[in-house]
Amino acid sequence: PAHTTVMMKNIPLKYSRSMLVEVLNREGFAGTYDLVYVPMNFGSMQGFGYAFINLLSIEDALRFRAKFEGFADWQVPSDKMCEVSWSNVLQGRQAHIDRYRNSPLMHASVPDEFKPACFVHGRRVPFPPPTQRIKAPRHRKEPKGLIPGAGGACDFGALSGAAADGEGLF
């Protein structure tokens, strides 16, 4: 199968999924992608600095890579220059749906902005429903040295795809 899923690296940490979608549309990619996922750190309520975007065709993906490699026109002050590569674990919209639809990441307690989003003709559509009961995210004790109440009470790092390969544990 053709590569259509790209990984954007060096995105400003303050970027949310909706902010990234605005940039994609502004830069001429409205209607050319069907999935966007920006893994988020629930402790800091910021991103990990990378995202996954599935484009509709290999041509769109190649144009995307050419446009965003070295991109630095962010909506927030940042000197980060984007790097774009092929996603090395999941390729295609269906692979992402299969990976996340039954994940604790999709639990009702997780903020919508932290979840992968599907699109059709440039409009957000509901993520396909789970095929089994979704478990709530795991809770853990706050790490030593963390200010109580400052976040980090849930193990959302694993849910959001913080693994070294950029594709989470779920």
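Now for a look at the structure at hand. (Residues numbered from 1 in each chain as written. Predicted model: local features only at pLDDT ≥ 70, side-chain atom pairs only at ≥ 80, totals over all residues. Heavy atoms only, no water.)

1. Side note on the pattern of salt bridges
Then, in step 1: In total, this model carries six salt bridges according to the counting rule given.
Then, in step 2: A salt bridge links Asp-112 to Arg-17, with the nearest nitrogen and oxygen atoms 3.0 Å apart. Here Asp-112 is found in the loop between helix 3 (93-100) and strand 7 (117-120), whereas its partner Arg-17 is found in helix 1 (residues 17-29), with 95 residues between them in sequence.
Then, in step 3: Residue Asp-112 is classed as partly exposed on the basis of its relative accessible area, which comes to 39%.
Then, in step 4: Arg-124 is paired through a salt bridge with Asp-112; the nearest N and O atoms lie 2.9 Å apart. With Arg-124 in strand 8 (residues 123-125) and Asp-112 in the loop between helix 3 and strand 7, this residue pair connects regions lying twelve residues apart in the sequence.
Then, in step 5: Sharing partners across several salt bridges, the network here consists of Arg-17, Asp-112, Glu-113 and Arg-124. (Salt bridge = Lys/Arg side-chain N within 4 Å of Asp/Glu carboxyl O. Helix = DSSP H or I, 4+ residues; strand = E, 2+ residues; numbered from the N terminus. Buried < 20%, exposed > 50% of the residue type's maximum accessible area, 1.4 Å probe, protein only.)

2. Regarding the side chain of Arg-101
Then, in step 1: Looking at the secondary structure, you find Arg-101 in the loop between helix 3 and strand 7.
Then, in step 2: Residues within four places of Arg-101 in sequence aside, it is in contact with Gln-94, Met-106, Phe-127, Pro-128, Pro-129, Pro-130, Thr-131 and Ile-134. (Contact = heavy atoms within 4.5 Å.)

3. A few points about unusual backbone geometry
If a residue is not glycine, its phi is most likely negative; likewise, a peptide bond is most likely trans.
Then, in step 1: With a phi angle near 60°, Met-45 is a residue other than glycine that sits in the positive phi range.
Then, in step 2: Mapped onto the elements, Met-45 comes out in the loop between strand 3 (40-41) and strand 4 (46-47).

4. Section: the nonpolar core
Then, in step 1: If you look at the biggest cluster of nonpolar residues, it comprises 42 residues, and the most contacted ones within it are Met-8, Leu-20, Leu-24, Val-36, Ile-53, Phe-64 and Phe-68.
Then, in step 2: Broken down by secondary-structure element, the contributors of at least two residues to this core are strand 1 (5-9), helix 1, strand 2 (33-37), strand 5 (50-55), helix 2 (58-68), helix 3 and strand 7. (Core = buried A, V, L, I, M, F, W, Y, C linked by side-chain atoms within 4.5 Å.)

5. Some thoughts on helix 1
Then, in step 1: Taking 1.5 Å as the rise per residue, helix 1 with 13 residues should run 18 Å; its terminal C-alpha atoms sit only 15 Å apart, a clear shortfall.
Then, in step 2: On its buried face, helix 1 is in contact with strand 1, strand 2, strand 5, helix 2, strand 7 and strand 8.
Then, in step 3: In the segment just after helix 1, Gly-31 is the residue with positive phi, at about 80°. (Expected span 1.5 Å × (residues − 1).)

6. Looking at the packing of helix 1 against helix 2
Then, in step 1: Interhelical geometry of helix 1 versus helix 2 gives an angle of 105° and a closest axis separation of 11 Å. As far as their axial angle goes, helix 2 and helix 1 are roughly perpendicular. Between helix 1 and helix 2, the contacting residues are Val-23, Leu-24, Glu-27, Gly-28 and Phe-29 on the first element and Asp-60, Arg-63, Phe-64, Lys-67 and Phe-68 on the second.
Then, in step 2: Along the lines of polarity and charge, the residues of the contact of helix 1 with helix 2 split into five nonpolar, one polar and four charged. (Axes fitted to C-alpha atoms, helices over the stretch in contact; angles between N-to-C directions. Parallel < 35°, antiparallel > 145°, perpendicular 65-115°, else oblique. Nonpolar A, V, L, I, M, F, W, Y, C, P; charged D, E, K, R; others polar.)

7. Concerning the sheet that holds strand 2
Then, in step 1: With respect to topology, six strands assemble into an open sheet ordered 6-1-5-2-7-8, the strand pairing being antiparallel. Either end of the sheet is taken by a strand with one partner, and the two such strands are strand 6 (83-86) and strand 8. If you compare each strand with its neighbour and ignore which way they point, the axes differ by 30° on average.
Then, in step 2: By the bridge criterion, four bridges tie strand 1 to strand 6 in an arrangement that is antiparallel. Its bridge partner lying in strand 6, Met-7 is registered against Ser-85.
Then, in step 3: Contacting strand 1, strand 2, strand 5, strand 7 and strand 8, helix 1 runs over the sheet at an angle of about 145° to strand 2. (Pairing = 2+ DSSP bridges.)

8. Re the pairing of strand 7
Where a strand is regular, its side chains alternate between the two sheet faces.
Then, in step 1: When strand 2 meets strand 7, the two strands line up antiparallel, connected through two bridges. For Val-36, the partnering residue across the bridge sits in strand 7 and is Ala-117.
Then, in step 2: As paired strands, strand 7 and strand 8 are joined by three bridges and run antiparallel to one another. By the bridge assignment, Cys-118 is partnered in strand 8 with Val-125.

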